[in-house]
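Okay, here's what each chain looks like letter by letter:
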Amino acid sequence: MFKNVSATFSIQGEPIQVHAVSTGAVAVKTKFRESRKKGWRAQLDFLLDKTFTEWMPIWVWIIEHPEGIFIIDTGENTRVNSPEYFKSSGMFSNWINTTQFRFQVSRADEIDQQLIRLGIDKSIVHAVVLTHLHLDHVDGLYHFPETRIVVHRREWEKPYGNLPKLYPYWLQPDLITLDTSYKTFSQAQFLTKAKDLIAVHTPGHTYGHMSVLLKTDTCHILFAGDICYYEEQVTHQRFSGINVTYKGAESSYANIRALAQQEPLIFLPSHDANAGERLAGHAFLNFDRG
Ligand SMILES: [Zn+2]
């Protein structure tokens, strides 16, 4: 449904590939994606909302970095299509997940199949980095039992809206702290020796939500996770209906805006239908477009 994209950038003169692959599609309540209300009012609003958004992608990002292959999030798996899938998570979670979201995932969409098509052997993947612990970001984890899984310690210790019963039984992530700073982000951590792949704290959607920045020779790329659902939300200061901390979301938007004013920045939310195109076209976040 969504076209995969492979784009070439360079790091210290060396060409590198960045791939966007969609592991299926998701639709949410329109007021879940965006709301003028906050907190419980916003939650009540989307629960009562009868309209769903159009299908949105579930992007996974693959970076063929000189230090190894990094995968940002793992996308969905086909089991999500089954109404039985959420039963183990209890009545409330089962109700939320079967009434508030719609999924369309085929076996060919899953990350392991996508890697095969790209000719990438998953055994050589250097690390899987999770922006947060929501279902549609962790459901592909079961393909990576041997891989280092990187999670923000804060997200692991204070998750929000996660379904741990659906985690692979072997999951023991490498928990990182964001105890350095990078450009406009006061909480960050370097993921490569070259300090060009950086986890940055972008709270809002969850307390410990993080995004991943890649510094290339010509621009920065922000693999944004679910800080918002499409680019205009951050340029027009419009928030989703499901922020656990609005202060956090506002500070994340402000940090992204400040970075985009310093550096050419490609902004890639996990469910943005136009993100693949912007990656391929090297299209930068522009706050002046109005
Ligand atoms: Zn999420």
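Residues numbered from 1 in each chain as written. Predicted model: local features only at pLDDT ≥ 70, side-chain atom pairs only at ≥ 80, totals over all residues. Heavy atoms only, no water.

### Considerations on the overall build of the protein
Phase 1 of the analysis: In terms of helices and strands, the protein carries nine helices and 14 strands.
Phase 2 of the analysis: Taking 19 Å as the expected radius of gyration for a compact globule of 290 residues, we find that the protein reaches 18 Å, a close match to that expectation.
Phase 3 of the analysis: For the C-alpha atoms alone, the extent of the protein along its principal axes is close to 50 × 40 × 35 Å.
Phase 4 of the analysis: In the protein, which comprises 290 residues, the share counted as buried stands at 58%.
Phase 5 of the analysis: Expressed as a percentage of contacts within the protein between residues at least 6 apart in sequence, the contacts between residues at least 24 apart total 65%.
Phase 6 of the analysis: Carbon and sulfur atoms make up 51% of the accessible area of the protein, which totals about 12600 Å².
Phase 7 of the analysis: When the 29 positive and 31 negative side-chain charges of the protein are each reduced to one mean point, those points stand 7 Å apart. (Helix = DSSP H or I, 4+ residues; strand = E, 2+ residues; numbered from the N terminus. Rg over C-alpha atoms; globule rule 2.2 N^0.38 Å. Buried < 20%, exposed > 50% of the residue type's maximum accessible area, 1.4 Å probe, protein only. Contact = heavy atoms within 4.5 Å. Areas by Shrake-Rupley, 256 points an atom, 1.4 Å probe, with all protein chains shown as cover. Lys, Arg positive; Asp, Glu negative; His and termini not counted. Charge placed at Lys NZ, Arg CZ, Asp CG, Glu CD.)

### Things to note about unusual backbone geometry
Phase 1 of the analysis: Phi at K195 is positive, roughly 60°, even though this residue is not glycine.
Phase 2 of the analysis: As for its position among the elements, K195 is in the loop between β10 (185-190) and β11 (197-201).
Phase 3 of the analysis: With relative accessibility at 48%, the residue K195 sits in the partly exposed group.
Phase 4 of the analysis: A positive phi is found at H282, a non-glycine position, where the angle reads about 50°.
Phase 5 of the analysis: Secondary-structure assignment places H282 in the segment after α9 (275-280).
Phase 6 of the analysis: According to the relative accessible area criterion, H282 is partly exposed, its value standing at 29%.

### Here's the deal with helix α8 (residues 246-262)
Phase 1 of the analysis: Taking 1.5 Å of rise per residue, 17 residues should cover 24 Å, and α8 covers 24 Å from first to last C-alpha, within 8% of that figure.
Phase 2 of the analysis: When we look at burial in α8, the residues that qualify are Y246, G248, A249, S252, Y253, I256, L259 and A260. Buried residues of α8, seen end-on, are gathered within an arc of 160° and therefore sit on one face of the element. Those residues of α8 that are exposed and aimed more than 90 degrees away from the buried face are K247 and Q261.
Phase 3 of the analysis: Where α8 is buried, its residues touch α2 (39-48), β10, β12 (210-215), β13 (220-225), α7 (231-235) and β14 (265-269).
Phase 4 of the analysis: Near the N-terminus of α8, the side chain that reaches the backbone nitrogen of G248, with its oxygen 2.8 Å away, is that of T245. (Expected span 1.5 Å × (residues − 1). Arc of directions from axis to C-beta. Polar contact = N/O pair within 3.5 Å; in protein donor to acceptor, adjacent residues only side chain to side chain.)

### Let's talk about the coordination of the zinc ion
Six octahedral donors around a metal ideally subtend angles of 90 or 180 degrees, whereas four tetrahedral donors ideally subtend 109.5 degrees.
Phase 1 of the analysis: Protein coordination at the zinc ion: the donors are H132 (NE2), H134 (ND1), H205 (NE2) and D226 (OD), at 2.2 to 2.3 Å from the metal.
Phase 2 of the analysis: The coordination sphere of the zinc ion comprises four donor atoms, whose angles at the metal cover 84 to 175°; the geometry is irregular.
Phase 3 of the analysis: When the donors of the zinc ion are listed by position in the chain, the intervening gaps give H-x1-H-x70-H-x20-D. In this pair, H132 is assigned in the loop between β6 (125-129) and α5 (135-138) and D226 in the loop between β13 and α7, connecting sequence segments 94 residues apart. (Donors = N, O, S within 2.8 Å, 3.2 Å for Na, K, Ca; no water. Tetrahedral: all angles 85-135°; square planar, octahedral: opposite > 155°, others 65-115°.)

### Thoughts on the packing of aromatic side chains
Phase 1 of the analysis: What the rule picks out here adds up to ten aromatic pairs.
Phase 2 of the analysis: Here the aromatic rings of W61 and F223 are separated by 5.6 Å at their centres, their planes lie at 50°, and the arrangement is tilted. With W61 in strand β3 (residues 56-65) and F223 in strand β13, this residue pair connects regions lying 162 residues apart in the sequence. In this pair, the class of W61 matches that of F223, namely buried.
Phase 3 of the analysis: Between F101 and F103, the ring centres sit 6.5 Å apart and the planes meet at 45°, which makes this aromatic pair tilted.
Phase 4 of the analysis: A relative accessible area of 18% means that F101 is categorised as buried.
Phase 5 of the analysis: Among the aromatic residues, ring-to-ring pairing joins F32, F46, F101, F103 and Y229 into one connected group.
Phase 6 of the analysis: Over the face of the ring belonging to Y142 we find R79, whose NZ or CZ atom lies 4.4 Å from the ring centre. (Phe/Tyr/Trp six-rings, centres within 6.5 Å; stacked < 30°, edge-to-face > 60°. Lys NZ or Arg CZ within 6 Å of the ring centre and 35° of its normal.)

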